[in-house]
Amino acid sequence: MPTNTVQPITALTPELETLLKEDTDRRLGDLIAANIKSRYARSSSQLSEFRLATEYKDIQSDKSVLSDFRRLVFPTDYESYRPFFNKFNSRPCRLSEVDDMLAPGLPIYIPLSSATTNKNSKQFAKYFRSQPCPSPLRIGALSPVPILTYRDPVDVVTDSGEVVRRIPVCNLSTGLTRMQYNWSIETDDTRIASILPGHIAPWATGFIVHHRSFLLIHALFGLAKASLEEIAVTFVTIFMDMVNCMEEEWATLISSIRHGTIPDFEQIDHVRMYLQLNMRADPQRADELQHIGPPLSSPGWAQRVWPSLKLLTCICSGTFATALPQARSVLGPNVVVYNPVYVCTECLIGRNLNFEDTETFVITTDDVIEFLDVTDELAHGEVLQAWDLQPGKLYRPVSTTHDGLWRYLIDDVIEVVGFDPRNGLPVFRYSGRKNLEIRLPHALITETDLLRVVYGFSGEDTMEVQEFTTVVDNRRLPLTLGFFVSITGNIGPNAEMARQKALAALAAASGKHQMAFDTNKLGLPTIRIMKPGAFADYRRWRGEIMNVGVGQIKLPAVLSDPKAQEWMAERVMMEL
């Protein structure tokens, strides 16, 4: 595993700045040349001035095209692309109407956003690329948790009705996995009964759509294999969901390993036969596990179950970080938690800078990422280049991609901390979502502020928060900030002080909050502790409503949907 540590520098040397400019210009030129003839580029009003300026220029060789792009293409949002993406929803979906829609040819898959902050998923289009995602770090026997299910595919047909491509509509992670390994949906039947080399669970496990059953079957095959060396999940919260499922079903899992049978978990009948083909009775392993006990019985449990376990690969930065302490407790001190990428449905934004640092990333070179200072208004803000950035400032990424997005404004906010001394690329940490904010009459509370407040009241003496979400609590006046939290273990001896600590942390973020509290315009923050497993069940519930697969649903820092708020309120165990 990598051991060299990269220390970001605070300013670019002239040599690095030159290198960065040359590399960025080359990549931008390639992207413009590749996508300039797409239907979007030829007809979108967002690019009309750019088209006029470059109509008679040689896109491949005329360097002024780059300055035209930076001068005349303004940040775009989803509404600019919606009519083009919607063409893939037509039935029949005709080749003559969707070919070269955003990039040359046809998409490989159509990913859906997780709808974390919206009632409806957004759909995008992902086209072929030779390296679809970062090469996974592989160190031995692996228990990946891939989701392979998809909605009804888009059948692209010729005018005569011949199907020329079946495009799966799926999670981003599903599409990336399928593209990485060249797993087309037409060949699924050839793999469904097998276990891929180096993997633990049968390939059929990826077609279980029930959240809990999906995790339990992966857990079953993982527990049966003492030589496991790596676990790979989408988010650290998925790993903890799996741990909690194992805790609840420990006796059933041990019995299954002892007798070599697949349990009667929900909604697995369509793959049971393929799972059973790969299940073997192992009384000795069952006795070992019985002696060790369930996951929450002792710290460092995972290393007793899997002595060779070295790595948990997952996304675990930002608000996911609240689940890390409990995950590390389960894993033990010798298992590294690796956060490989910073990615959103629209594009890959960053890669891990240092192996064991789960919070710091370096901007990717897969596409072209520019930046908008969050303090500038969108109408007047200048899109900045990587070499214009200042460490310590907050920016929104602006992405021009291989998949046909032109200066697409990403909702995330990142904090630049420096530059990579090897190539000059910006180094950053996640700060929050632009549209995940609590708006109270006296002030705006950002996602970063919410995380600081949670850290302010979480602790052994009050409660150890594992996950959280927030609402504007209007059950009584004055309005206040309300937390729904899941906790590890029991509440502490000073739990009654948690609300006061939350107010103190809020006031530390902005004096406006203390002033509002003192003038009876803000109530003391409320804290409601959820029943065990409630947030995992929320992911299942939300996924079923949105028809979005296992592993895609995230618990948002701010819960704005009234139905979701009602759902949470019905599963509160106690309120402080």
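For the structure, check the block above.
All of these numbers come straight from a predicted model, not from anything done at the bench.

What counts, and where the lines are drawn
- Residues numbered from 1 in each chain as written.
- Predicted model: local features only at pLDDT ≥ 70, side-chain atom pairs only at ≥ 80, totals over all residues.
- Heavy atoms only, no water.
- Helix = DSSP H or I, 4+ residues; strand = E, 2+ residues; numbered from the N terminus.
- Rg over C-alpha atoms; globule rule 2.2 N^0.38 Å.
- Buried < 20%, exposed > 50% of the residue type's maximum accessible area, 1.4 Å probe, protein only.
- Areas by Shrake-Rupley, 256 points an atom, 1.4 Å probe, with all protein chains shown as cover.
- Pairing = 2+ DSSP bridges.
- Axes fitted to C-alpha atoms, helices over the stretch in contact; angles between N-to-C directions.
- Core = buried A, V, L, I, M, F, W, Y, C linked by side-chain atoms within 4.5 Å.
- Contact = heavy atoms within 4.5 Å.
- Left-handed = near helix turned anticlockwise from the far one by under 90°.
- Nonpolar A, V, L, I, M, F, W, Y, C, P; charged D, E, K, R; others polar.
- Phe/Tyr/Trp six-rings, centres within 6.5 Å; stacked < 30°, edge-to-face > 60°.
- Lys NZ or Arg CZ within 6 Å of the ring centre and 35° of its normal.
- Patch = residues over 30% accessible without salt bridge, like charges linked within 9 Å, V, L, I, M, F, W, Y side chains within 5 Å.
- Salt bridge = Lys/Arg side-chain N within 4 Å of Asp/Glu carboxyl O.
- Parallel < 35°, antiparallel > 145°, perpendicular 65-115°, else oblique.

Caption draft 1: Structural context of the overall build of the protein chain. Each helix and strand counted, the protein chain has 19 helices and 23 strands in total. Radius of gyration (C-alpha) of the protein chain: 25 Å, near the 25 Å computed for a compact globule of 576 residues. Seen along its three principal axes, the alpha-carbon backbone of the protein chain occupies a region of about 75 × 65 × 50 Å. Within the protein chain, the fraction of its 576 residues that count as buried is 56%. For the protein chain, the accessible area works out to roughly 24,700 Å², and carbon and sulfur atoms hold 50% of it.

Caption draft 2: View of the sheet that holds strand β20 (residues 464-473). Taken in spatial order, the four strands of this open sheet run β20-β21-β22-β23, and their pairing is mixed. Both edges of this open sheet fall to β20 and β23 (572-575), since each of them pairs with a single strand only. Going across the sheet, the axis of each strand differs from the next one's by a mean of 30 degrees, ignoring polarity. Where β20 lies against strand β21 (residues 480-488), nine bridges are found, and the strand directions are antiparallel. Looking across to β21, one finds that aspartate 473 is bridged to threonine 480.

Caption draft 3: Broad picture of the nonpolar core. One finds Ile32, Phe50 and Trp406 to be the most contacted residues of the largest nonpolar core, which totals 65 residues. In terms of residue count, helix α1 (residues 14-35) provides more of this core than any other element does, five residues in total. When neighbours within four sequence positions are excluded, phenylalanine 50 is seen to be in contact with Ile32, Ile36, Val65, Asp68, Phe69, Leu72, Val73 and Trp406. With 62 residues, the next largest nonpolar core counts Ala219, Met246, Ile292 and Ala302 among its residues.

Caption draft 4: Layout of the pairing of strand β12 (residues 368-373). Within β12, six of the six residues are buried, leaving the element largely enclosed by the surrounding structure. Neither face of β12 is open: one carries Val368, Glu370 and Leu372, the other Ile369, Phe371 and Asp373, and all of them are buried. In this sheet, strand β14 (residues 394-400) lies alongside β12 in antiparallel orientation, the contact comprising six bridges. Looking at β14, one finds that glutamate 370 is bridged to valine 398.

Caption draft 5: Expanded view of the packing of helix α18 (residues 534-546) against helix α19 (residues 562-569). One can describe the packing of α18 onto α19 by two numbers: an axis separation of 11 Å at closest approach and a directional angle of 145 degrees. Considering the relative orientation of α18 and α19, their crossing is right-handed. Counted together, Ala534, Phe535, Asp537, Tyr538 and Trp541 of α18 and Lys563, Ala564, Trp567 and Met568 of α19 form the full contact between these two elements. Residue composition of the contact of α18 with α19, by class: seven nonpolar, no polar and two charged.

Caption draft 6: Representation of the packing of aromatic side chains. Inspection of every chain in the model, using the stated rule, returns 27 aromatic pairs. Considering the side-chain rings of phenylalanine 50 and phenylalanine 69, the 6.1 Å spacing of their centres and the 85 degrees angle between planes classify their relative orientation as edge-to-face. Of the two residues, phenylalanine 50 is situated in helix α3 (residues 48-54) and phenylalanine 69 in helix α4 (residues 64-72); the sequence distance between them amounts to 19 residues. The same class applies to phenylalanine 50 as to phenylalanine 69, namely buried. Joined through ring pairs, the aromatic side chains of Tyr40, Tyr78, Tyr81, Phe84, Phe85, Phe124 and Tyr408 make up one cluster. In this structure, arginine 191 packs its charged tip against the face of tryptophan 203, placed 4.6 Å from the ring centre. Sitting over the face of the ring of tryptophan 567, arginine 571 holds its NZ or CZ atom 3.7 Å from the ring centroid.

Caption draft 7: Expanded view of the sheet that holds strand β1 (residues 93-94). Read across the sheet, four strands follow the order β1-β4-β5-β2 without closing on themselves; strand pairing throughout is mixed. Two strands bound the open sheet, and with one partner strand each, they are β1 and β2 (110-112). The pairing of β2 with strand β5 (residues 163-171) spans three bridges and is classified as parallel. Counted as the bridge partner of leucine 112 is asparagine 171 from β5. Sheet contacts for helix α7 (residues 172-181): β2 and β5; angle to β5, the most-contacted strand, approximately 130 degrees.

Caption draft 8: Region of interest: a nonpolar patch on the surface. A surface patch of nonpolar side chains, about 240 Å² in accessible area, is lined by Ile491, Met573 and Met574. Mapped onto the elements, methionine 574 comes out in strand β23.

Caption draft 9: Layout of the packing of α1 against α4. Relative to each other, α1 and α4 sit at 85 degrees, their axes nearing to 10 Å. One finds that α1 runs roughly perpendicular with respect to α4. Counted together, Thr24, Asp25, Leu28, Gly29 and Ile32 of α1 and Val65, Leu66, Phe69 and Arg70 of α4 form the full contact between these two elements. Across the contact of α1 with α4, the residue classes tally to five nonpolar, two polar and two charged.

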